[in-house]
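Structure assessment
Now for the letters of each chain:
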Amino acid sequence: WDRRLLDCARAERRPLLGVCYGMQLLNLHAGGTLHTDLALAVPRALDHGGNGRLCEHEITTREGSSLRAMLGARARVASSHRQAVDGIAAGLCVAAPAPDGVVEALEAADGAAVLGVEWHPESDATGPAVYGWLVRRIEERA
C-alpha cells in the first residue's frame, strides 16, 4: 500500500516527505538501490546509529538544493539507520551527504516537492525547517 500511495501522490504532484525508511522507500520505489548493511558496505562509515539508537553527525547540503535554502551549508542531524541509499534512482538527486559520503538527503531532480531525509528531524534542530517545508508545500497547493 505504501508504494501505491507514493504512486498516487506523485501522479497528483502532491508534496512528499520521506523520513529515514521513508527516504529509502522513495529511492527504492523509483528504481534505486540500498546498502542493506551500512557497516559492511561502507567500512569507513561514521556511526549512523541504528537499532533505535540515535547519534549525531554533520551533513553538508548541496548548493542550489532546497535543503540548502532551509538549513544552510551544514547542519547537525540525529541519525539512526543501519541501511542507506546506494544507487540513486532516476529523477532524484543527492541533496546532502554525511562526511563519509553516505547519502543523507534526496530531492526531486525536476524541482517537484519531494524530499527525503535519512535522519530524524523530530529529534534535532532541523525539525522546524524540514517539517515546515512540508507544511508550506501543502499550503501552496491549497
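Let me sum up the structure you'll find in this document. (Residues numbered from 1 in each chain as written. Predicted model: local features only at pLDDT ≥ 70, side-chain atom pairs only at ≥ 80, totals over all residues. Heavy atoms only, no water.)

It is worth spelling out the pattern of salt bridges at this point. Per the counting criterion, the structure on display carries seven salt bridges. Measuring nitrogen to oxygen at the nearest pair gives 2.8 Å for the salt bridge that ties glutamate 12 to arginine 14. When its relative accessible area of 41% is taken as the criterion, arginine 14 is described as partly exposed. For arginine 74, the salt bridge identified is with glutamate 58, shortest N-O distance 3.5 Å. With arginine 74 in strand β4 (residues 74-79) and glutamate 58 in strand β3 (residues 55-60), this pair connects stretches of sequence that are 16 residues apart. (Salt bridge = Lys/Arg side-chain N within 4 Å of Asp/Glu carboxyl O. Buried < 20%, exposed > 50% of the residue type's maximum accessible area, 1.4 Å probe, protein only. Helix = DSSP H or I, 4+ residues; strand = E, 2+ residues; numbered from the N terminus.)

Ordered by their spatial adjacency, four strands build an open sheet running β1-β8-β7-β6, and the pairing between neighbours is mixed. Strand pairing shows two members of the sheet lacking a second neighbour, β1 (16-19) and β6 (92-97), which therefore form its edges. When the angles between neighbouring strand axes are averaged without regard to direction, this sheet yields 15 degrees. Examined bridge by bridge, strand β7 (residues 103-108) and strand β8 (residues 114-117) share three bridges and lie antiparallel to one another. Residue pairing in the sheet places glutamate 107 in a bridge with leucine 115 of β8. Where helix α2 (residues 21-29) meets the sheet, it contacts β1, β6, β7 and β8, and its direction lies at approximately 120 degrees from that of β1. The sheet contacts of helix α5 (residues 127-141) involve β1 and β8, and relative to β1 the element is tilted by about 150 degrees. (Pairing = 2+ DSSP bridges. Axes fitted to C-alpha atoms, helices over the stretch in contact; angles between N-to-C directions. Contact = heavy atoms within 4.5 Å.)

Honestly, it's all geometry; don't read function into it.
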